[in-house]
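Topology and contacts: notes
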Amino acid sequence: MLKKARIAVLVSGGGTNLQALLDSQSRGELAHGEICLVISSQHGAYALERAKNAGVDGRVVNRKEAGSQEAFEAGISALLSEYNIDFIILAGFMSILSESFTSRWPERIINVHPALIPAFAGKGYYGLKVHEAALERGVKVTGATVHFVNEIPDGGRIIFQKVVEVMDDDTPQTLQRRVMEQAEWILLPRAAELVSRSIAEERG
Ligand code: GAR
């Protein structure tokens with residue numbers, strides 16, 4: 001029996017992607033990983049409730065309170081060590097992590113982005129802004145991407161992508177919901193298991 005990869009999920013808001021991960025774990029689909037910790041960059045994020053309901057520890061590390069990017073990342077790193085984390089999943093995490101952080105976790109951090117990278121990606125493209133930009137440009141399809149995180153925002157190696165249709169009467173909110181339902185909530189748990197398995201197998 002392989003030892004499971006210990007996972008931390010980093011969140012900032014509602015946490016529907018965290019919920020998709022927790023649900024896939026309870027269905028037994030996250031066979032090679034275990035969600036051990038949720039770190040929120042915001043106090044009161046609903047994602048913390050979701051963690052609590054699933055019996056997973058939730059902690060807050062806030063960038064403003066930390067005072068600097070360095071202190072913010074040191075706070076996160078201390079928790080990752082405390083929980084012996086192997087693998088980090090960014091699930092609606094709205095802070096950028098510096099190169100000094102990401103370079104310590106090569107191919108051990110993944111992120112879900114609500115568009116088909118390289119479209120509508122990089123600095124300034126997050127959350128609803130991505131869908132607003134897609135509608136403004138008039139694209140007929142969009143989607144979601146799960147990728148490894150490196151020093152370039154939304155620039156790491158792509159793991160999975162899925163196309164989602166844009167409807168004529170879409171608002172940013174209706175498009176966001178469709179992209180989540182048809183792509184994000186499916187791809188992220190799948191990628192979580194894929195990377196967990198490779199970590200577990202590598203360790204033997
Ligand atoms: C999701 O659509 C996620 O892809 C996006 O924020 C939303 C978070 O929702 N992430 C980014 O834009 C990161 N660049 P959730 O909190 O309900 O999972």
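Refer to the preceding data block for the structure.
So, here is what we can say about the structure in this document.

**A word on the layout of surface pockets**
Empty space within the largest pocket amounts to approximately 700 Å³. Contributing elements (two or more residues each) for the lining of the largest pocket: α1 (16–26), β5 (109–113), β6 (141–148) and α7 (172–203). A breakdown of the residues in the lining of the largest pocket according to their chemical character gives 15 nonpolar, 20 polar and four charged.

**Some words on the nonpolar core**
By size, the foremost hydrophobic cluster in this structure holds 27 residues, and its most contacted members are Val-9, Ile-35, Ile-89, Ile-110, Val-146 and Leu-188. Those elements giving two or more residues to this core turn out to be β1 (5–11), α1, β2 (33–40), α2 (46–53), β4 (87–90), β5, β6 and α7. Of the residues forming this core, the biggest block, six residues, is contributed by α7.

**Some words on the environment of Glu-201**
Of note, Glu-201 is situated in helix α7. On the accessibility criterion, Glu-201 (48% relative accessible area) is partly exposed. Along the primary structure Glu-201 and Lys-3 are separated by 198 residues, whereas in three dimensions their C-alpha atoms are 8.5 Å apart.

**Quick word on the packing of helix α6 (residues 128–137) against α7**
Look at α6 against α7: their axes get within 9 Å of each other, and the N-to-C directions meet at 110°. Between α6 and α7, the angle is such that the two are roughly perpendicular. Remark: the crossing between α6 and α7 carries right-handed chirality. On α7, the residues touching Leu-128, His-131, Glu-132, Ala-134 and Leu-135 of α6 are Pro-172, Gln-173, Leu-175, Gln-176 and Val-179. The residue inventory of the contact of α6 with α7, partitioned by class, reads six nonpolar, three polar and one charged.

**Concerning the site of the ligand**
The local shell around the ligand holds 14 residues, among which Gly-15, Thr-16, Asn-17, Gly-127 and Glu-184 are the closest. In this structure, an oxygen atom belonging to the ligand sits 2.7 Å away from a side-chain N or O atom of Thr-16. Expressed as a share of its isolated accessible area of 450 Å², the protein-covered part of the ligand is 92%. Among the detected pockets, the ligand sits in the largest pocket. Elements that contribute at least two residues to the shell around the ligand include exactly α1, β5 and α7.

**Comments concerning the pattern of salt bridges**
In this structure the tally under the stated criterion is eight salt bridges. Linking Glu-82 and Arg-59 is a salt bridge whose minimum nitrogen-to-oxygen distance equals 3.5 Å. Remark: Arg-59 occurs in strand β3 (residues 57–60) and Glu-82 occurs in helix α4 (residues 69–82); sequence separation between them is 23 residues. On the accessibility criterion, Arg-59 (31% relative accessible area) is partly exposed. One salt bridge in this structure joins Arg-178 and Asp-170, with 2.8 Å as the shortest N-O distance. Assigned by exposure class, Arg-178 and Asp-170 land together as buried.

Quick notes on the rules
Residues numbered from 1 in each chain as written. Predicted model: local features only at pLDDT ≥ 70, side-chain atom pairs only at ≥ 80, totals over all residues. Heavy atoms only, no water. 1 Å grid on protein atoms, 1.4 Å probe; cavity = no way out; pocket = protein on both sides within 12 Å on 5 of 7 lines; lining within 4 Å. Points joined across faces, edges and corners; volume = space filled by probe spheres on them. Helix = DSSP H or I, 4+ residues; strand = E, 2+ residues; numbered from the N terminus. Nonpolar A, V, L, I, M, F, W, Y, C, P; charged D, E, K, R; others polar. Core = buried A, V, L, I, M, F, W, Y, C linked by side-chain atoms within 4.5 Å. Buried < 20%, exposed > 50% of the residue type's maximum accessible area, 1.4 Å probe, protein only. Axes fitted to C-alpha atoms, helices over the stretch in contact; angles between N-to-C directions. Parallel < 35°, antiparallel > 145°, perpendicular 65-115°, else oblique. Left-handed = near helix turned anticlockwise from the far one by under 90°. Contact = heavy atoms within 4.5 Å. Near = heavy atom within 4 Å. Polar contact = N/O pair within 3.5 Å; in protein donor to acceptor, adjacent residues only side chain to side chain. Areas by Shrake-Rupley, 256 points an atom, 1.4 Å probe, with all protein chains shown as cover. Sits in = over half its atoms within 2 Å of the grid points. Salt bridge = Lys/Arg side-chain N within 4 Å of Asp/Glu carboxyl O.

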